[in-house]
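Residues per chain are reported as follows:
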Amino acid sequence: MEDILKILVVDDDRVDRLAVRRSLQKAGIRVELSEASDARNAIALLQNTHFDCIFLDYLLPDRDGLGLIQELYSMGVKVPTIVLTGQGDEQIAVEMMKAGASDYLSKTRVSPETLAQTLRNAIRIDRAQKAAELANQRLKASNELLQHQNQELEKQRQQIQLQNLQLQEAYRLKSQFLATMSHELRTPLNAIMGFSQILLRQYPDPLTPQQTEIVQRIINNSQNLLILLNEVLDFSKLESGQLTLEPEEFNLAILVQITVEELRSLALQKQLSLQVDLNLKNPLVVNDQNSLRRILINLLSNAIKFTDSGSIWVKVWELNPDRVAIAVRDTGIGIASEHLETIFEAFRQVDGSLARQHEGSGLGLAITNSLVKMMQGTIAVESQVGKGSAFQVELPRQIDRN
Ligand code: ADP
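On a predicted model such as this, the values are computed, not experimentally measured, just so you know.

Rules and cut-offs
Residues numbered from 1 in each chain as written. Predicted model: local features only at pLDDT ≥ 70, side-chain atom pairs only at ≥ 80, totals over all residues. Heavy atoms only, no water. Pairing = 2+ DSSP bridges. Helix = DSSP H or I, 4+ residues; strand = E, 2+ residues; numbered from the N terminus. Axes fitted to C-alpha atoms, helices over the stretch in contact; angles between N-to-C directions. Near = heavy atom within 4 Å. Polar contact = N/O pair within 3.5 Å; in protein donor to acceptor, adjacent residues only side chain to side chain. Areas by Shrake-Rupley, 256 points an atom, 1.4 Å probe, with all protein chains shown as cover. Nonpolar A, V, L, I, M, F, W, Y, C, P; charged D, E, K, R; others polar. Phe/Tyr/Trp six-rings, centres within 6.5 Å; stacked < 30°, edge-to-face > 60°. Buried < 20%, exposed > 50% of the residue type's maximum accessible area, 1.4 Å probe, protein only. Expected span 1.5 Å × (residues − 1). Arc of directions from axis to C-beta. Contact = heavy atoms within 4.5 Å. UniProt positions renumbered as here; feature names shortened; annotations may be inferred. Core = buried A, V, L, I, M, F, W, Y, C linked by side-chain atoms within 4.5 Å. Domains from an automatic or database assignment. 1 Å grid on protein atoms, 1.4 Å probe; cavity = no way out; pocket = protein on both sides within 12 Å on 5 of 7 lines; lining within 4 Å. Points joined across faces, edges and corners; volume = space filled by probe spheres on them.

Student: Could you clarify how one ought to interpret the sheet that holds strand β4 (residues 81-85) in this entry?
Tutor: Strand pairing in a sheet is mediated by backbone hydrogen bonds. Such pairs are either parallel or antiparallel. Pairing within the open sheet is parallel, and its five strands lie in the order β2-β1-β3-β4-β5. Where the open sheet ends on each side, the last strands, each with one partner, are β2 (31-36) and β5 (103-106). This sheet shows a mean twist of 20 degrees between the axes of neighbouring strands, independent of strand direction. Summarising the sheet, strand β3 (residues 53-57) and β4 pair through four bridges and their orientation is parallel. Within β4, the position partnered with I54 by the bridge is T81.

Student: What am I meant to see in the site of the ligand here?
Tutor: Neighbouring residues of the ligand: 20 residues in total, closest N302, K305, Q349, G362 and L365. Here D330 contributes a side-chain N or O atom positioned 2.9 Å from a nitrogen atom of the ligand. Between the ligand and G362 there is a distance of 2.9 Å, counted from an oxygen atom to a backbone nitrogen or oxygen. About the coverage of the ligand: the protein hides 96% of its 530 Å² of free accessible area. Contributions of two or more residues to the shell around the ligand are made by α8 (289-305), α9 (364-374) and β12 (388-396). Ranked by the residues each element gives to the shell around the ligand, the list is headed by α8, at three residues. Taken together, the residues of the shell around the ligand break down into nine nonpolar, eight polar and three charged.

Student: Explain the packing of aromatic side chains here, please?
Tutor: Each aromatic ring pair is described using two quantities: the centre-to-centre distance and the angle formed by the ring planes. Using the criterion set out here, one finds two aromatic pairs in the structure. On the numbers, 5.8 Å between centres and 75 degrees between planes, the contact of F235 with F347 is edge-to-face. One end of the pair, F235, is in helix α6 (residues 209-239); the other, F347, is in the loop between β10 (323-330) and α9, with 112 residues separating them in the sequence. Judged by relative accessible area, F235 falls into the buried class, the value being 7%. Judged by centre distance (6.3 Å) and plane angle (70 degrees), the rings of F344 and F391 are edge-to-face. With F344 in the loop between β10 and α9 and F391 in strand β12, the pair connects residues that are 47 residues apart, well separated along the chain. Each member of the pair, F344 as well as F391, carries the same accessibility label: buried.

Student: I would appreciate a short explanation of helix α1 (residues 14-26) in the present structure.
Tutor: Quick reminder: α-helices carry 3.6 residues per turn. Residues three or four places apart thus point the same way. In this model α1 runs 18 Å from its N-terminal to its C-terminal C-alpha over 13 residues, within 8% of the 18 Å that 1.5 Å per residue would give. Buried within α1 we find R17, V20, S23 and L24. Buried residues of α1, viewed axially, fall in a sector of 130 degrees; they line one side. Within α1, the exposed residues directed more than 90 degrees away from the buried face are R14, V15, R22, Q25 and K26. Buried residues in α1 make contact with β1 (5-10), β2, β3, β4 and α5 (112-200). The distance from a side-chain oxygen at the start of α1 to the backbone nitrogen of V15 is 2.9 Å, and the residue carrying that oxygen is D13. Once α1 finishes, G28 follows within two positions and takes phi at roughly 80 degrees, a positive value.

Student: Any chance you could explain the UniProt feature "coiled-coil region" (unreviewed entry) in the protein here in plain terms?
Tutor: Using the residue numbers shown here, the UniProt feature "coiled-coil region" (unreviewed entry) corresponds to residues 125-173. Here residues 125-173 runs as 100% helix and 0% strand, with 71 Å between its end C-alpha atoms.

Student: Would you mind showing me how to read the nonpolar core here?
Tutor: The nonpolar side chains of a soluble globular protein tend to be buried, and buried together. One finds L252, L292, I295, L299, L300, L371 and F391 to be the most contacted residues of the largest nonpolar core, which totals 49 residues. For this core, the elements supplying multiple residues, two or more each, are α6, α7 (252-269), α8, β9 (311-320), β10, α9, β11 (378-384) and β12. Element by element, the count of residues in this core is highest for α8, at eight residues. Counting residues domain by domain, this core receives three or more from each of domain 2 (168-240) and domain 3 (248-396). Not counting chain neighbours up to four residues away, the residues in contact with L299 comprise V328, L365, T368, I379, F391 and V393.

Student: Is there a simple way to think about the domain arrangement of the protein in this case?
Tutor: Much of the literature gives interface size as the accessible area that the parts lose upon coming together. By domain assignment, the protein separates into domain 1 (5-110), domain 2 (168-240) and domain 3 (248-396). Using only C-alpha atoms to locate each centre, domain 1 and domain 2 end up separated by 103 Å.

Student: Help me understand empty space enclosed by the protein in this model?
Tutor: Which parts of space are left empty comes out when a probe the size of a water molecule is rolled across the atoms. Considering all chains together, one arrives at one cavity of 30 Å³ or more under this definition. Space inside the largest cavity adds up to approximately 30 Å³. Taken together, L292, I295, L296, L299, I326 and V393 form the lining of the largest cavity.

Student: Explanation requested: helix α3 (residues 65-75) in the structure shown.
Tutor: Regarding α3, the residues found buried are G65, G67, L68, I69 and L72. Buried residues along α3 sit in contact with α2 (39-48), β3, β4 and α4 (90-99). A positive backbone phi angle near 85 degrees is found at G76, which sits one or two residues after α3.

Student: Whenever I open this one, the sheet that holds β12 confuses me. Can you help?
Tutor: What the five strands build is an open sheet, ordered β7-β9-β10-β12-β11; its pairing is mixed. Here the strands that pair on one side only, and so sit at the sheet edges, are β7 (273-279) and β11. Across the sheet, the mean angle from the axis of one strand to that of its neighbour is 15 degrees, orientation sign disregarded. Strands in contact with α8 are β7, β9, β10, β11 and β12; relative to β10, the strand with the most contacts, it is inclined by about 20 degrees. Strands β11 and β12 of the sheet are contacted by α9, whose axis makes an angle of about 140 degrees with β11.

Structural data, given as structure tokens:
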């Protein structure tokens, strides 16, 4: 309270007003004092000037203090008000405080000390109230802001949910399109292959050596295309959950041997040695034969495809009576560590460029991975660039029907 305080004394008694002025001066409080002798003048002053405090006589010629306080309140004038009462007017003072007055002081007790103390208290309380009000307003504002942000978040959440649904639908349509297209393309492709084979029979007219080579190329390329189409078809079936496993009991050692022999010619063409190490005490497993064959073909054909010289090994063994392992190892180009995880994703190839050396859809490992998962198995890869790769699949001896 070091600043100069603007004080209004409302009292019709000039002597009483003077008493207040003197007491404040004596108390050493720096004040700028204004005076009003009735309610009308007081209101006029309060409408134009901001005051820090009002000393208000209860009995005014044109109105009582209670009425004045109420009117000021309704006008939105909020100034700490100290009521000066006559002796025995305590009850009235209490009423005035209920109406909004800050404190009261009996005129008989007016002295520099009491006045200063009452004034200080009234102003301190008023400032504290205003600070609390301001804090409250800020709290309310930040509350409203939070509510608004919450609504925005909820809106965004709903939008994301909608986009998610649209994405899911687009994804489903894409898979359906892939499945339909690859299915539809297989029919004309089979016709091309069939007619080419008829041509190769060279009956009734023989073909020139050049024609024979061309027809053979048509057949080879059609076979490659058929493999690609089948991969896309299998993949879209796996994605849409249409592919189910049909478990049956069979001899794993025989399946591995037959599959390796089917692909041996490919290895021979590249002069790669292809070795098989079967180490099963009990070769019988319960699994989906076709799918397991698929896994073997994918791993083995990759090993052959990505190896230019050296060897390929296929090893089968028992991890324990309930689990079997199949490993396919090569001395090929290897895979850099940063690609080891992504190669299992659909359409991912270490060399995805159009100028790449090796053919392929990029679906083989994605299909293998999905099938292994469906069989409740695991697949892992270890590889070193320039040295070779080793893929290891571990499967339960007996899979569940799903
Ligand atoms: P792709 O049709 O290209 O063979 P895959 O899904 O079977 O598709 O394999 C994905 C990629 O993983 C391949 O393009 C290749 O970059 C890498 N890869 C898979 N197997 C081997 C391997 N034995 N040696 C080196 N790279 C491999």
